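Residues per chain are reported as follows:
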Amino acid sequence: MPSARPGGEASHGPFWSEPGTLLEHVPVAVLGIDDDDRVCYWGPGARDLFGHDSTDVLSKPGAVLFADAPPGTPDPCARLTGLGRTQGYWRGRLPARHRDGTVFDCGFRAFSVTGSGGPSVVMVLASRSDELDRVKTNLAFLDALFETCPIGLVMLDEDLRYVHLNQALADMDGLPIEAHLGRHADEFMIMSDGGEFRRMLRAVALGGAPVVGTLVGMRPRGHPDRDQVRSVSFFPLSQAVGSRPGVGGLMVDVTDREQAILEATASRRRLALLDGASTRIGTTLDVNVTAQELVDASMPDFCDGAVVEVVEWMDETEDFDPGRPLFTRRIASGTILPSPATELVSGVEKVRYPPGSVIHDMLQSGRAVSAVVNEEFVARTVVIESRARLMVESGLACVLVAPLIARGTVQGIAMFGRSTGRPAFTPDDVSLAGELASRAAICLDNARLYSRVQDIALTLQRALLPTALATGPYVDVAHRYEPGSRITEVGGDWYDVINLPDGRVVLVVGDVMGHGVSAAAAMGRLRITTKALARHDSEPDELLTELDACAQEAGIELATCLYIVYDPRNGRARIASAGHPPPLVLRPDGTVETVDEVLGVPLGVGGAPFRTTEIELPDQAVLALYTDGLIEARGRDIEAGLEALRVELAGEPGPLEAMADRILARLLPDPPTDDTVLVLARVRRAP
């Protein structure tokens, strides 16, 4: 209590009025009266209420603060202090006197305070009665307004979180008042306006112009089966007297009146779903990823659960026979419903649909169909009893099945489900599902065809690479071929080990620029040609000259090749390169040398000579041949990649197979971004 004592000393006590509290709306005087009915404390509000400074009233009779009592009635001050002492707490109204002589009605609160071993004091709180009546009337009006008003009322803080709302708005949202408090306003509304509603609220919260009677279409999360149109008005809350900033608002449900807006909102939601699906589906050329993107794009706005399945046709030209079971493979699934719906959509990979199922109905018509999940549906569609039980217990009330048709062939099916808390699928929903499935089918077919081409290229490449390298007593070889990820096409990397007369060994690594089947085929031609030319025992530079001419004749525009002939009789290696990364030599003492004297332009360019470089290799030296996929990566300089390879090659010594595995594990990104070849050869001298 901020009070003045004799001598002008001031202190803060338990009734200090802090800025922003109700006491700033209703001025309160705080004072104390001792056992002799004299003023012994004088709070800061007392001067404003009664007009006296503390020096004028402290130690003076308290009667100076009250109007004269009518004849024959008790003194007002004595009555107040007596009731405060005898009752412990008393409240009431008495006529008070201002210093200027005016009399006004005043409300008092009096209670006795006894110090430890000291005299008792009656503490008095006083306020003008008209101020109290004004605030009480306002509060009563606000309470009645929030309790009985049929219009939705809301107060939001500066972060647009619910501070106060009435039951009418809670009923509109379909959720209790307590569930709203402290949460953002747009958490309770499924909007299709691209964030316009939230931007409108934010503008008002920042002090913008009030919004009056704006029509907003939405779907309350508490009523997921009911679209609404609301007339909303919002205004910034006053910050007078330290009140919290924020937004006040009124909402009226005008759905019946604004059915046209409701229909437009539904149309915008469908268009927004299709627009979102067009950007979210088909971001990769992976079949499984594309199918999952369709599932994710459909929830939760369109459905509560979805699966995508591909049909297991014996042949693409096979005609659909409605009298035979249909077999599918589930490649994507998802649901926002709790168990057992999660087990229903994800607990199976192979699915068998008996003749007469809803799936058969859909395939016969070639169009999306919807069905109610009842005993008849389950009996017609679900073969396995345990799966039928999951379907019944999942909470799904209806399903919508759409065919995934591309190039005139049904590639698969998309199945969407809704729970009992949402409306059944409408004809517009069936059309929307058909459009979603049509767009997804094209993406899925592109991904499927791309995967098929990838598989063909990879199969061709593996068939053209050596299944077993030539062996000899003077060279031990470990070799690795790592194809790129499914995101990138198969490249034209290749390698070989060829035995020559007199114990000599050829090590060769090459890379055809480009990807796909054409690169794999070109790689095979170069490898076979190189092996044939090597039998003629040409010098490395002469062999590359012949290989370059063959490449030009075959239309191979750009390819690299590194060709090494090792002679164990003298430990010397003769090397020629056609634009290939340089070989590395790991010496027995652990040092790594880069053989970068080899020059040459890539094969297929023509017009430039090749040359042979000769180096001597000590016994037990290791040659490392590789393609650029090992040292090149996005965001990393090729020199940094080459240095990393040198470090790994000089690392832990051991068997070549272990070295090859370690180098690939530490240098290749996951997933690999390009095809990679690594050949490690440990050489020995002939006795």
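Keep in mind the model is a prediction, meaning the values are calculated, not measured.

This part covers the packing of aromatic side chains. All chains considered together, the criterion is met by seven aromatic pairs. Measuring from centroid to centroid gives 5.4 Å for phenylalanine 302 and phenylalanine 416, while their planes differ by 85°, and the two rings are edge-to-face. Taken together, the residues span a long stretch of sequence, with phenylalanine 302 in the loop between helix H9 (287-298) and strand S14 (305-311) and phenylalanine 416 in strand S19 (residues 409-419) at a distance of 114 residues. A relative accessible area of 2% means that phenylalanine 416 is categorised as buried. Look at phenylalanine 302 and phenylalanine 425: their rings are 5.6 Å apart centre to centre, the planes differ by 45°, and that puts the pair in the tilted class. One end of the pair, phenylalanine 302, is in the loop between H9 and S14; the other, phenylalanine 425, is in the loop between S19 and helix H14 (427-464), with 123 residues separating them in the sequence. Taken together through their ring pairs, the aromatic side chains of Trp42, Phe50 and Phe104 make up a single cluster. Looking at arginine 128, its charged tip hangs above the ring of phenylalanine 104, at a distance of 4.8 Å from the centre. Across from the ring centre of phenylalanine 302, 5.3 Å away, lies the NZ or CZ of arginine 418, which sits over that ring.

Across the sheet, which stays open at both edges, the five strands sit in the order S21-S22-S23-S24-S27 with antiparallel pairing between neighbours. Each end of this open sheet is capped by a strand with a single partner; those strands are strand S21 (492-499) and strand S27 (613-616). With strand direction ignored, the average angle separating the axes of adjacent strands in the sheet is 15°. By the bridge criterion, seven bridges tie strand S23 (residues 559-567) to strand S24 (residues 572-578) in an arrangement that is antiparallel. Of the residues in S24, the one forming a bridge with aspartate 567 is arginine 572.

Once that is clear, we can look at the environment of aspartate 541. Along the chain, aspartate 541 falls in helix H16 (residues 540-553). Those residues in contact with aspartate 541, other than ones at most four positions away along the chain, are Ala576, Phe610, Arg611 and Thr612.

Looking now at H9. A rise of 1.5 Å per residue sets the reference length of H9, with its 12 residues, at 16 Å; its end C-alpha atoms lie 17 Å apart and thus fit the reference within 8%. Residues Val287, Thr290, Ala291, Glu293, Leu294, Val295, Ala297 and Ser298 constitute the buried set of H9.

Right, let's get into the side chain of aspartate 496. Turning to its location among the elements, aspartate 496 is positioned in strand S21. Residue classification places aspartate 496 among the buried residues on the basis of a relative accessible area of 3%. In terms of polar contacts, aspartate 496 uses its side chain to reach the side chain of arginine 527, at 3.2 Å.

This part takes up the confidence of the model for the chain. In this model, the chain carries a mean pLDDT of 83, and residues with pLDDT of at least 70 account for 87%. Here residues 1-23 is modelled with pLDDT under 50, and outside its nearest four sequence neighbours on either side it reaches 46 contacts, counting other chains as well.

The rules behind the values
Residues numbered from 1 in each chain as written. Predicted model: local features only at pLDDT ≥ 70, side-chain atom pairs only at ≥ 80, totals over all residues. Heavy atoms only, no water. Phe/Tyr/Trp six-rings, centres within 6.5 Å; stacked < 30°, edge-to-face > 60°. Helix = DSSP H or I, 4+ residues; strand = E, 2+ residues; numbered from the N terminus. Buried < 20%, exposed > 50% of the residue type's maximum accessible area, 1.4 Å probe, protein only. Lys NZ or Arg CZ within 6 Å of the ring centre and 35° of its normal. Pairing = 2+ DSSP bridges. Axes fitted to C-alpha atoms, helices over the stretch in contact; angles between N-to-C directions. Contact = heavy atoms within 4.5 Å. Expected span 1.5 Å × (residues − 1). Polar contact = N/O pair within 3.5 Å; in protein donor to acceptor, adjacent residues only side chain to side chain. pLDDT = per-residue confidence, 0-100.

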